[in-house]
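Coordinate inspection notes
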Amino acid sequence: MNIKNPYLQKVYQQTCDRDPDQPEFLNAVLEVLGTLEPVIEKHPEFEAAGLIERLVEPERMVQFRVAWQDDNGKTQVNRGYRVQCNSAIGPYKGGLRFHPSVNLSIIKFLAFEQVFKNSLTGLPMGGGKGGADFDPKGKSDAEIMRFCQSFMTELSKYIGAETDVPAGDIGVGAREIGYLFGQYKRIRNEYTGILTGKGLSYGGSLVRTQATGYGLLYFVREMLAVMANDSPKDKVTVISGSGNVAIYAAEKAQEMGAKVVAMSDSNGYLYDPNGVRLDVVKQIKEVRRERICEYVKEVPTAQYHKGCRGIWSIPCEMALPCATQNELLLEDAQKLIANGVKLVAEGANMPCALDAVAAFQKAGVLYAPGKASNAGGVATSGLEMCQNAMKYSWSEQEVDEKLQRIMVSIFHNAYTSAKEYGMEGNLLAGANIAGFMKVAQAMMAQGIL
Ligand code: NDP
Ligand code: 2IT
């Protein structure tokens, strides 16, 4: 991706010079700045106010020690983070990731993306992200609890229902949110909506568990209808990952009549030409917390292959990457294109490398960037915050209808913005521009901060 505008180019270069060791963050900055040229040309006041320089510098970043005892009584030390990127349009909002790969670059990239995503939802949420380089795999329940309690003891100093509201992400689901919430309540003696993704018995919202995956398919349905006069029905579909986002993307895709033939985890992928049995996947991943290779023991007609990127060599019409960043590279994109893929929509955050995205766009494949198509999770978190503030709960139907409306509106916002700036069909540019404009206007109104 090239940046032609001299101001954007200068800011990108300064960002590279400042943090040369943060490839994921620099990639996310390049992806956004690479599409903002027409906006900057139309609004010279943004340059005069140093707006882009401020946008790429998080408002605050904290890094902290998380010490905890394992089941053998041995002390373990992990590193915790919270990056509060931008609060122009609302309190910081964004998930927590527990994965051994977590570092400052990854948390900064996720926080930066979250700023635009949250803006696109239309709800008043700024952008943040956090996490730890803790590996939940193979840990006992008691170890997870002790880790979460130690993590929250420190994090609680920096968050608040009107300041910063974390949620889940990779490695942080309902169990972890429960332990984190309990510890916050115990330390502060305060029962507030400090986290989203909570259990239904203590302030959670219906549909939050399913929201990212369902939202992805609501977006895809609208995108296919408007851009191709088509629908997900009967489309052979490949979904990477088998976590929260992947499972509920698969569920809604099947409900819409698509044929989901493959899913994966970080060790390998399953191929089930008869259509993936989601009851089996849920049992393995959600209940037993085991590996996806177990699937073939229960469905012997399916195949299991080691290595996760092989999933992109399966011929399909829809590809939904729902695992992690940079899981789909240029050569994977080329295979998908050669096999006739029609649509790629991101459930994960930046799963497609920038040159893979360029290849899809060049080949005329419909492409949806994660900051638009996976925004259903954080949007429903926003609805959870709203219910908490009202001390009230909406029905499943009410939340689901609001989620559908938000996803349809995000699609149209991105689609229309792309058209307005002469890039019809380029949802990446459209989503970046639409997400950026609201944040930029709020920043301009609030002065130099
Ligand atoms: P989960 O922890 O529930 O699942 C993650 C899935 O991705 C697992 O199948 C995991 O496999 C796989 N995975 C993780 N890291 C890697 C890796 N390095 N290589 C290959 N596979 C990997 O997380 P979520 O489903 O919540 O998150 C998935 C993606 O969606 C992330 O990019 C996240 O940021 C994004 N997202 C999540 C939202 C949410 O509400 N949860 C909202 C919007 C986006 P394994 O079990 O082997 O690790
Ligand atoms: O990447 C994301 O949007 C999330 N992990 C969800 C964040 C949230 O606050 O619900």
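Structure report, in brief. (Residues numbered from 1 in each chain as written. Chains lettered and ligands numbered in written order. Predicted model: local features only at pLDDT ≥ 70, side-chain atom pairs only at ≥ 80, totals over all residues. Heavy atoms only, no water.)

**A few points about the overall build of the protein**
Under the convention used in this document: Every helix listed is a DSSP run of H or I at least four residues long, and every strand listed is a run of E at least two residues long, numbered separately from the N terminus. Radius of gyration here uses only the C-alpha atoms, and the compact-globule reference equals 2.2 Å multiplied by the residue count raised to the power 0.38. Think of it in three bands: residues with accessible area under 20% of the maximum for their type are buried, residues over 50% are exposed, and the middle band is partly exposed, with areas taken using a 1.4 Å probe on protein chains only. By definition in these notes, contact holds between two residues if any of their heavy atoms fall within 4.5 Å. The protein chains shown are the only cover counted for residues, whose accessible areas, like all others here, come from Shrake-Rupley with a 1.4 Å probe. Asp and Glu are treated as the negative residues and Lys and Arg as the positive ones, with His and the ends of the chain left uncounted. All charge positions are set by atom: Lys at NZ, Arg at CZ, Asp at CG, Glu at CD.
If you tally the helices and strands in the protein, you get 18 helices and 12 strands. Computed over its C-alpha atoms, the radius of gyration of the protein comes to 21 Å, within 12% of the 22 Å expected for a compact globule of 449 residues. Here the protein, with 449 residues, has 57% of them falling under the buried criterion. Looking at the protein alone, contacts between residues at least 24 apart form 72% of all its contacts between residues at least 6 apart. As displayed, the protein offers around 17700 Å² of accessible surface, 49% of which is attributable to carbon and sulfur atoms. Computed over 48 positive and 50 negative side-chain charges, the separation of the two mean positions in the protein equals 3 Å.

**Description of the side chain of Asn374**
Test applied: Identification of polar contacts relies on pairs of N or O atoms within 3.5 Å, with a donor-acceptor requirement for protein atoms, meaning one able to donate a hydrogen and the other able to accept it, and with residues adjacent in sequence counted only if both atoms are side-chain atoms.
When you line up the elements, Asn374 lands in the loop between α15 (370-373) and α16 (376-390). Of the residues examined, Asn374 reaches a relative accessible area of 3% and is grouped as buried. Here Gly347 takes part through its backbone oxygen, which lies 3.1 Å from a polar atom of the side chain of Asn374. Discounting residues that sit within four places of it in the chain, Asn374 has contacts with Lys117, Thr212, Glu346, Gly347, Ala348 and Asn349.

**Some thoughts on the sheet that holds strand β4 (residues 126-132)**
Going by this rule: A pair of strands is considered paired only if DSSP assigns at least 2 bridges between the two. Axis lines are fitted through C-alpha atoms, for helices just across the contact stretch, and the angle between N-to-C directions can take any value from 0 to 180 degrees.
With respect to topology, 5 strands assemble into an open sheet ordered β1-β2-β4-β3-β5, the strand pairing being mixed. Whereas interior strands pair on both sides, the edge strands pair on one side only; in this sheet they are β1 (60-69) and β5 (164-167). Adjacent strand axes in the sheet meet at a mean angle of 20°, parallel and antiparallel pairs treated alike. Where strand β3 (residues 92-98) and β5 come together, 4 bridges link them in parallel fashion. Paired with Tyr92 across the two strands is Asp164, which belongs to β5.

**Some words on the environment of Leu180**
Mapped onto the elements, Leu180 comes out in helix α8 (residues 174-188). Take Leu180: its relative accessible area is 0%, and that puts it in the buried class. Along the chain, Leu180 and Lys198 lie 18 residues apart, while their C-alpha atoms are 9.8 Å from each other. Leaving out residues up to four positions away in the same chain, Leu180 has contacts with Leu96, Cys148, Phe151, Met152, Val172 and Leu195.

**A closer look at the site of ligand 2**
To keep it simple, the criterion reads: Neighbouring residues are identified by heavy atoms, a residue being near a molecule or strand if any of them is within 4 Å of it. Here the nonpolar group is Ala, Val, Leu, Ile, Met, Phe, Trp, Tyr, Cys and Pro; Asp, Glu, Lys and Arg are the charged ones; every other residue, Gly included, is treated as polar.
Close contacts around ligand 2 come from 14 residues, with Lys93, Lys117, Lys129, Asp169 and Ser381 the closest. One of the side-chain nitrogen or oxygen atoms of Lys129 is found 2.9 Å away from an oxygen atom of ligand 2. Across the complex, the protein chains shield 94% of the 290 Å² of accessible surface that ligand 2 would expose by itself. For the shell around ligand 2, the secondary-structure elements that each account for two or more residues are β3, α6 (104-120) and α16. Residue composition of the shell around ligand 2, by class: 2 nonpolar, 7 polar and 5 charged.

**Comments concerning the site of ligand 1**
The environment of ligand 1 is formed by 27 residues, the closest being Lys137, Asp169, Ser266, Arg291 and Asn349. Gly171 is positioned such that a nitrogen or oxygen atom in its backbone is 2.9 Å from an oxygen atom of ligand 1. The backbone of Asn244 places a nitrogen or oxygen atom 2.9 Å from an oxygen atom of ligand 1. Coverage of ligand 1 by the protein chains reaches 85% of its 880 Å² of free accessible surface. Along the lines of polarity and charge, the residues of the shell around ligand 1 split into 6 nonpolar, 13 polar and 8 charged.

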